[in-house]
Amino acid sequence: MPKVEQEAVVVVIKQKTITPSGTVRKLIIRLIIACIIVGLFVWQAFAAVLPQDRSDAMYHSYQGGGMSIDGPSILLRKKIGNHVSVSANYYVDTISGASIDVLATASPYAEERTENSVGVDFLHNKTLMSLNYTTSSENDFEAQSIHFGVSQDFFGDLTTLSLGYSKGNDEVGKTGDESFLELAERQNYQLGVTQVITKNMILGLSVENISDQGYLNNPYRSVRFIDASSARGYRFETEVYPNTRRSNAASITANYYLPYRASVYGEAKVFSDSWGIQANTYKLGYIHTFGDDWIVEMRARHYQQDKADFYQDLYTRSAEFNFRARDKEMSTFNNLSLGLSLTYEFQFSAANFFKKSTINLDFDHVNYNYDDFRNVLVNSTLEGDTSGIAPVGEEPLYQFSANITRFYVSIFY
Amino acid sequence: MKAIKSTHLRLLLVIMVSGFASGCSSTFEPWVKPYERDNLADPIMSMNRNPVSLAYTHHAYQAREGARGAEGGAGGGCGCN
């Protein structure tokens, strides 16, 4: 049976509850070291397995908010002997249109992002280690990252502990400005625990700390400020973000197997960062099977966040504060998505090289509602009819919906 | 206050390490036996049964939200392969 590739690790105690004083920091480090030592201690004791051999070919599409993004993603994964599994992923985003943030100050555009990643999983005395290298390339953005993870089952294989570390580097450019080049780097620490509760229930806990340093802005986005001398009553200027960011996220998941071949799952996640953003995510899903061939999944997801400390829809003057942002991703908003997945499964004979194949269609519809991000484009659509113009700062709040579609074929061997 | 928190954390650390270390004991009897894990091993119990689609979905949400991380993909992991 396929085994989920275990994601990684790191406990970081939430900053809001415990001040990261030197003592606490030392204890966290000791805890991580203890986990690693214990991981080594139980090295040979319990089971771990390599991910299942499979290939996936997917077409993905995102349509909404003025954006159209689609492209392919191809994954190949194959074992080499009994101890090594290698994987490669090729992914493309073809982007056209522009979100409202960009449309307010510029024109729609078209570009392409290509992501390549290669990975190797190594099973040594029943401990699973993984190493991944990813590059992402656009005409104005280059990124690369490396990830290392360790996963171990213990307590009679009822508990799986996984630890992970990632490091990434970004090179940020700007179309039309050859001299523009900024750098950013990122580190992720991850901790995951999966616990079998009963023969029908699994709980999962995942914690991740991410820290960024460098140029964290989007060079194309602007903030707006009141300027009575301007025809619109406001003007735009470049946004300025802090050059460091630290965030903590923790999630808990539960999967329950129903008396017939079906399951329900739930997920709750909390997030906070040093920019003042606080967010909660809740997800519920139900998976139903029809015979041996069909799997149907229905799900709902709700996300809510409070704005960054330095976010404002409208500033009273130019350079009002040292840090300023008007990215809608930094504002107070929520979204609700409803999704459906259909899977049709073919089983091949046991003697065949290919064991199983699936055809899958996943679809999600998402509604975004912003609490303090206003639609400044509303006035530009009136075309000379000034009677409906909203005063500056009183434009209607922005909202939009999006459709996310994935169609893919998977083959297992 | 700091000392109290520090003591509690040390205690927690000792308990966790003791717990992990006890996992090495060959006398540990799992309360869900290996032969009782058919349901847990079913792909419909995995949050990550389609990794390509899941990675894309995380990307699609994360690009438009302030929050990030702890995507986990926990689920499965019952060692029943």
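Here we take up the overall build of chain A. Looking only at helices and strands, chain A has two helices and 18 strands in total. Contacts in chain A between residues far apart in sequence, at least 24 positions, make up 61% of those at least 6 positions apart. Surface accessibility of chain A: about 19000 Å² in total, with carbon and sulfur atoms responsible for 59%.

Helix and strand counts for chain B stand at three helices and zero strands. Along chain B, helices and strands appear, N-terminal first, in the series α-α-α. As displayed, chain B offers around 3800 Å² of accessible surface, 64% of which is attributable to carbon and sulfur atoms.

Let us look at the nonpolar core. Counting 38 residues, the largest nonpolar core has A:Y62, A:M330 and A:Y368 as the members making the most contacts within it. If one sorts the elements of this core by residue count, strand 18 (residues 397-412) of chain A sits on top with five residues. Other than its neighbours up to four places away in sequence, A:Y62 contacts A:M67, A:S68, A:I69, A:Y368, A:F400, A:A402, A:N403, A:I404, B:Y56 and B:R64.

Turning to the pairing of strand 18 of chain A, a few remarks are in order. Residues and elements named next belong to chain A. Judged from the 11 bridges that link them, strand 1 (residues 54-64) and strand 18 form a sheet pairing that is antiparallel. Opposite A57, over in strand 18, you have V409 as the bridge partner. Here strand 17 (residues 356-374) runs beside strand 18; their pairing, made up of 15 bridges, is antiparallel. Each bridged residue has a counterpart across the sheet, and for Y368 the counterpart in strand 18 is F400.

The subject of this paragraph is the environment of A:P259. You can see A:P259 is positioned in the loop between strand 12 (244-257) and strand 13 (262-273). On a C-alpha basis, the gap between A:P259 and A:Y234 in space is 61 Å, while along the polypeptide they are 25 residues apart.

This next bit is on the side chain of A:K328. Residue and element names in this part refer to chain A. Position of K328 among the secondary structure elements: in the loop between strand 15 (294-306) and strand 16 (333-347). On the basis of relative accessibility, which here comes to 5%, the residue K328 falls in the buried class. When near neighbours in sequence (up to four residues on either side) are disregarded, K328 contacts S99, I100, D101, R221, F333, Y370, F373, Y398 and F400.

In this section: the confidence of the model for chain B. Close reading of the predicted structure is inappropriate where its pLDDT is low. All names here are of chain B. Per-residue pLDDT for chain B averages 72, and the proportion of residues at 70 or more is 54%. Within chain B, helix 3 (residues 51-62) carries the highest mean pLDDT (94), whereas helix 1 (residues 2-22) carries the lowest (54). Residue range residues 21-25 is modelled with pLDDT below 50. Its contacts to residues more than four positions away, or to other chains, number eight contacts. This stretch, residues 73-81, has a pLDDT under 50; its non-local contacts, to residues over four places away or in other chains, come to 38 contacts.

Another point: the pattern of salt bridges. Applying the stated criterion across every chain, the model contains 27 salt bridges over all chains. For A:E237, the salt bridge is made with A:R324, and the minimal N-O distance between the two is 3.3 Å. In this pair, A:E237 is assigned in strand 11 (residues 234-238) and A:R324 in the loop between strand 15 and strand 16, connecting sequence segments 87 residues apart. Comparing A:E237 with A:R324, the two get one shared label, buried. The structure contains a network of salt bridges with shared partners spanning A:E297, A:R299, A:D364, A:R406 and B:R49.

The next subject is the packing of aromatic side chains. Residues and elements named next belong to chain A. With the rule as written, the count across this model stands at 23 aromatic pairs over all chains. When the centroid spacing of 5.1 Å and the interplanar angle of 75 degrees are considered together, the rings of F353 and F354 count as edge-to-face. By relative accessible area, which is 34% here, F354 ends up partly exposed. Feature note: the residues Y303, F333, Y368, Y370, F373, Y398 and F400 constitute an aromatic cluster, connected by ring pairs. One residue, K174, lies across the ring of F180, its end atom 5.9 Å from the ring centre.

So, about the pairing of strand 14 (residues 278-290) of chain A. Consecutive side chains along a regular strand alternate between the two faces of the sheet. All names here are of chain A. Pairing between strand 13 and strand 14: 11 bridges, direction antiparallel. If you follow S263 over to strand 14, its bridge partner there is I287. Pairing of strand 14 with strand 15 involves 13 bridges; the strand directions are antiparallel. Counterpart to Y286 in the pairing with strand 15 is M298.

Below, the discussion takes up the environment of A:A143. All names here are of chain A. Tracing the sequence through the fold places A143 in strand 6 (residues 141-154). Judged by its relative accessible area of 16%, A143 is buried. It is 19 Å that separates the C-alpha atoms of A143 and G71, two residues lying 72 residues apart in sequence. When neighbours within four sequence positions are excluded, A143 is seen to be in contact with T134, T135, S136, N169 and D170.

Calculation criteria
- Residues numbered from 1 in each chain as written.
- Chains lettered and ligands numbered in written order.
- Predicted model: local features only at pLDDT ≥ 70, side-chain atom pairs only at ≥ 80, totals over all residues.
- Heavy atoms only, no water.
- Helix = DSSP H or I, 4+ residues; strand = E, 2+ residues; numbered from the N terminus.
- Contact = heavy atoms within 4.5 Å.
- Areas by Shrake-Rupley, 256 points an atom, 1.4 Å probe, with all protein chains shown as cover.
- Core = buried A, V, L, I, M, F, W, Y, C linked by side-chain atoms within 4.5 Å.
- Buried < 20%, exposed > 50% of the residue type's maximum accessible area, 1.4 Å probe, protein only.
- Pairing = 2+ DSSP bridges.
- pLDDT = per-residue confidence, 0-100.
- Salt bridge = Lys/Arg side-chain N within 4 Å of Asp/Glu carboxyl O.
- Phe/Tyr/Trp six-rings, centres within 6.5 Å; stacked < 30°, edge-to-face > 60°.
- Lys NZ or Arg CZ within 6 Å of the ring centre and 35° of its normal.

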